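Read off the chains here:
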Amino acid sequence: MASVPPEAPERPMLETAGAAAVSPRRRRGWVRSLDVAIPAGVLALVLGACFLWPIVASIPPPTGGDVLESNLPPLSPGHVLGTDPVGNDILSRLLHGGQASIQIAVAVQGIGLVLGGSLGAFAAYVGGILDAVIMRCLDVLIAFPSLVLALAIAQSLGPSKVNTIWALTFFSIPAIARISRAATLRLREQPFMVAARLSGTKMWRVLVRHIAPNILPQLVTFGLLGMGIIIILEGALSFLGLGVPPPAPSWGNMIFIGQQSISAYPRLVLMPCAFLFVTVLSFNLLGEALRARWSAQ
Amino acid sequence: MSTSTPALGADRRVSHGLARALRSPSLRLIGRRLAAAIPVLWGVTLLTFLVLNIMPGSAAQQLLGADATPEQVRQLEAELNLDQPAWVRYWEWLQGVVTGDLGNSIASGQPVTTIIGQRLPVSVELVLCAIIVSLAFTVPLALMAARRPNGIVDRLSMVLSMTGLSIANYVFALVLVVVFAVIFPVLPAIGFVPLSDGLLGNLRSLILPAIAIGFPLFCFYTRFLRGDLVEQMRGEDYVVTAKAKGVGPWRVLIRHAFRNSLFGLLTIVGLNLGTLIGATVIIEQIFALPGIGQELLQAINNRDAVVVQAIVLLLAVVVVVANLITDLLYAVLDPRIRYGQRSA
């Protein structure tokens, strides 16, 4: 990655999105808002189910099930989606697993936005040798295959939910920092920035009051698009036994545990897979729709 | 890059030619890119070492188990050089890496280079198959989609690629296993048949893993290639010229626009190699393929830090070098880059 200009990896994706968005016939208002409304609605459903349903409705706990109730088929009394080989309620595990996946993804992207965003904006604003050093360090991080670096970090920290978050921020920080740097570079020569500099505004004030509000929408959109990738990576880590440690559920480790009895009970694998897919798809569609709006403006 | 100083008594025409070659834009670009890659490669070794060595707790203690005596722990630490300060160990390891000696596995005692030599061919074959599978489907679909933007094929391709980008490769792999090995048992679910045992069996054992890795890639490439082709067809002067000459639409698309977009596709394939390698780790695990990714996971579970850091380093270096080669190839093939004006 050393020799590629900083914004190169993101550029093709942005262009394709732009090309897709600006269709010859401008779409009408309500169709455009459906682009956002449908994935946002599905996401709201998933979030509501994962975070509110366990509080409002009484569902069995996700762990510590009774072995006597193992492998019940779906629609059994008390267990809508049935139970797994240890007798835990699958629906409950799906919902609690979703909580873990989404909490991790939000934390990773949140940390990425704050640290990566400010690092990129700072590098672009001061420029010169500091910029070069910061970007070279990020190049090093980006050079690692994302999953491999996350695996190594998760291994040396030990499997836990918090450590999974830190391992994955090594992936989100450099990506967001690059976007933030590119966006800040475009802002630098704008008249209002020159005016702020000429009137002697302090650096942190320029960064917080002038740059941050301008680049934030773009970064948040990118962060939303990245949510899908983070959820997938978290699943991969848990799937490989280095993410959320069992018996606590996460979609990744449910898929992993289900895989061991895949020929007898494919539903144990397919149900968390379906949840994972729908959630990631909604995040991707939402991010894509927001980005299309951005590039159309 | 400076011009060469003429050697004493050398033929002046030769040295003049050399000086001109060194001033050529391609060579200068290659030199610049190589120089920029070196600090990154060094950083990769440093980070790999840091991640795996500055971990809490003693590695020797973990190897011996909780009931080892302090003497045993100290003895093993001395054996593994763990009693040295980290920077000394880093320096020794770096010297080994540069001379091609990656140390011996803690768990099995085998040289790490031997282990990697056994495992690497499987992963390389898998990656190549995945790239071939994905490109074989990408090119025709993207061409058909770009022929009529917003047409039926185009819309279907967009839906398909969005689906593929949202499906995790391990999810897709398991769906493939359920469909092709459990419901319709036509393909082996796990296991690897080496190439020496016959090509057919080898390909049969690789087909599901290659599709599992290739499908998300196919979606990503299709999305990119379709977008690039549409853009070329819409605005570029050479497309207008070709159309004005009376060249047929398919021919403009394939012979003119596609040839130009091929550069972009090449870059994307190169830049995406990191994701691809990450995917092989997990896919090899699912299909029980004895590749480098499976070895990495085994080593992680055995807490075999020597093997883990060697493999992590290898994979990162592969990514850096692949990006470098992509970049250079791009520059050599596309004169606009060579002369310093980036297109697009």
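Thresholds applied
- Residues numbered from 1 in each chain as written.
- Chains lettered and ligands numbered in written order.
- Predicted model: local features only at pLDDT ≥ 70, side-chain atom pairs only at ≥ 80, totals over all residues.
- Heavy atoms only, no water.
- Helix = DSSP H or I, 4+ residues; strand = E, 2+ residues; numbered from the N terminus.
- Buried < 20%, exposed > 50% of the residue type's maximum accessible area, 1.4 Å probe, protein only.
- Contact = heavy atoms within 4.5 Å.
- Areas by Shrake-Rupley, 256 points an atom, 1.4 Å probe, with all protein chains shown as cover.
- Axes fitted to C-alpha atoms, helices over the stretch in contact; angles between N-to-C directions.
- Parallel < 35°, antiparallel > 145°, perpendicular 65-115°, else oblique.
- Left-handed = near helix turned anticlockwise from the far one by under 90°.
- Buried area = accessible area lost by both parts, 1.4 Å probe.
- Salt bridge = Lys/Arg side-chain N within 4 Å of Asp/Glu carboxyl O.
- Polar contact = N/O pair within 3.5 Å; in protein donor to acceptor, adjacent residues only side chain to side chain.
- pLDDT = per-residue confidence, 0-100.
- Core = buried A, V, L, I, M, F, W, Y, C linked by side-chain atoms within 4.5 Å.
- 1 Å grid on protein atoms, 1.4 Å probe; cavity = no way out; pocket = protein on both sides within 12 Å on 5 of 7 lines; lining within 4 Å.
- Points joined across faces, edges and corners; volume = space filled by probe spheres on them.
- Nonpolar A, V, L, I, M, F, W, Y, C, P; charged D, E, K, R; others polar.

Here's the deal with the overall build of chain B
Here is step 1: A count of helices and strands for chain B gives 15 helices and 0 strands.
Here is step 2: Residues classed as buried in chain B amount to 48% of the 344 residues present.
Here is step 3: The long-range fraction of contacts in chain B, counting pairs at least 24 apart against all pairs at least 6 apart in sequence, stands at 68%.
Here is step 4: For chain B, the accessible surface area stands at approximately 17,100 Å², while carbon and sulfur atoms represent 65% of it.

So, the packing of helix α6 (residues 112–147) of chain B against helix α12 (residues 273–287) of chain B
Residue and element names in this part refer to chain B.
Here is step 1: Their axes nearest at 11 Å, the elements α6 and α12 cross at an angle of 115°. On the basis of the axis angle, α6 is roughly perpendicular to α12. As α6 packs across α12, the resulting crossing turns out to be right-handed. Contact residues: α6 offers Ser123, Leu126, Val127, Ala130 and Ile131, while α12 offers Leu276, Thr280 and Glu284.

A short note on the interface of chain B and chain A
Here is step 1: The interface is formed by 57 residues belonging to chain B together with 53 residues belonging to chain A.
Here is step 2: In total, about 4,900 Å² of surface goes out of reach between chain B and chain A, with carbon and sulfur atoms giving 74% of it.
Here is step 3: Of all residues in chain B, Ser166, Tyr170 and Leu174 of chain B bury the most surface against chain A, accounting for 12% of the area lost on that side.
Here is step 4: Connecting chain B to chain A are 1 salt bridge.
Here is step 5: Among the ionic pairs, Glu288 of chain A bridges to Arg223 of chain B, the shortest N-O distance being 3.4 Å.
Here is step 6: At the junction of chain B and chain A, the tally comes to 4 residue pairs in polar contact (both at pLDDT 80 or more).
Here is step 7: Mapped by element, the contributors of at least two residues to the side of chain B that touches chain A are α2 (25–53), α7 (152–166), α8 (169–183), α9 (199–235), α11 (249–271), α12, α13 (292–301) and α14 (305–333) of chain B.

Regarding the confidence of the model for chain B
Do not read the predicted coordinates in detail wherever pLDDT is low.
All names here are of chain B.
Here is step 1: Here chain B shows a mean pLDDT of 80. Residues at 70 or above account for 86%.
Here is step 2: The spread of mean pLDDT over the elements of chain B runs between helix α15 (residues 335–338), the lowest at 63, and α6, the highest at 90.
Here is step 3: Considering only residues more than four positions removed or in separate chains, one finds that residues 1–9, a stretch of pLDDT under 50, has 12 contacts.
Here is step 4: Here the predicted complex carries an ipTM of 0.77, next to a pTM of 0.80.

Remarks on the nonpolar core
Here is step 1: Among the nonpolar cores identified, the biggest contains 147 residues, and Leu151 and Ile255 of chain A together with Val44, Tyr170, Phe287 and Leu296 of chain B are the most heavily contacted of them.
Here is step 2: With residues up to four places along the chain from it excluded, the contact list for Tyr170 of chain B reads Ile231, Ile232, Gly235, Ala236, Ile255 and Leu276 of chain A together with Ile282 and Ile286 of chain B.
Here is step 3: Of all hydrophobic cores here, the second largest spans 12 residues; its members include Ala183, Leu187, Val206 and Ile211 of chain A.

Topic: the side chain of Thr169 of chain A
Residue and element names in this part refer to chain A.
Here is step 1: Mapped onto the elements, Thr169 comes out in helix α6 (residues 161–188).
Here is step 2: Accessibility expressed as a relative area gives 2% for Thr169, which makes it buried.
Here is step 3: With near-sequence residues (within four places) excluded, Thr169 lies in contact with Val108, Ile111 and Pro174.

Notes on empty space enclosed by the protein
Residues and elements named next belong to chain A.
Here is step 1: Inspection of the entire model under this criterion finds 2 cavities of 30 Å³ or more.
Here is step 2: Quantified by volume, the largest cavity comes out at close to 100 Å³.
Here is step 3: Every residue along the wall of the largest cavity is listed here: Asp84, Pro85, Ile90, Arg93, Met254, Ile257, Gly258, Leu268 and Pro272.
Here is step 4: Secondary-structure elements contributing two or more residues to the lining of the largest cavity are α3 (90–126), α9 (251–259) and α10 (267–296).
Here is step 5: A class-by-class count of the residues in the lining of the largest cavity yields 6 nonpolar, 1 polar and 2 charged.

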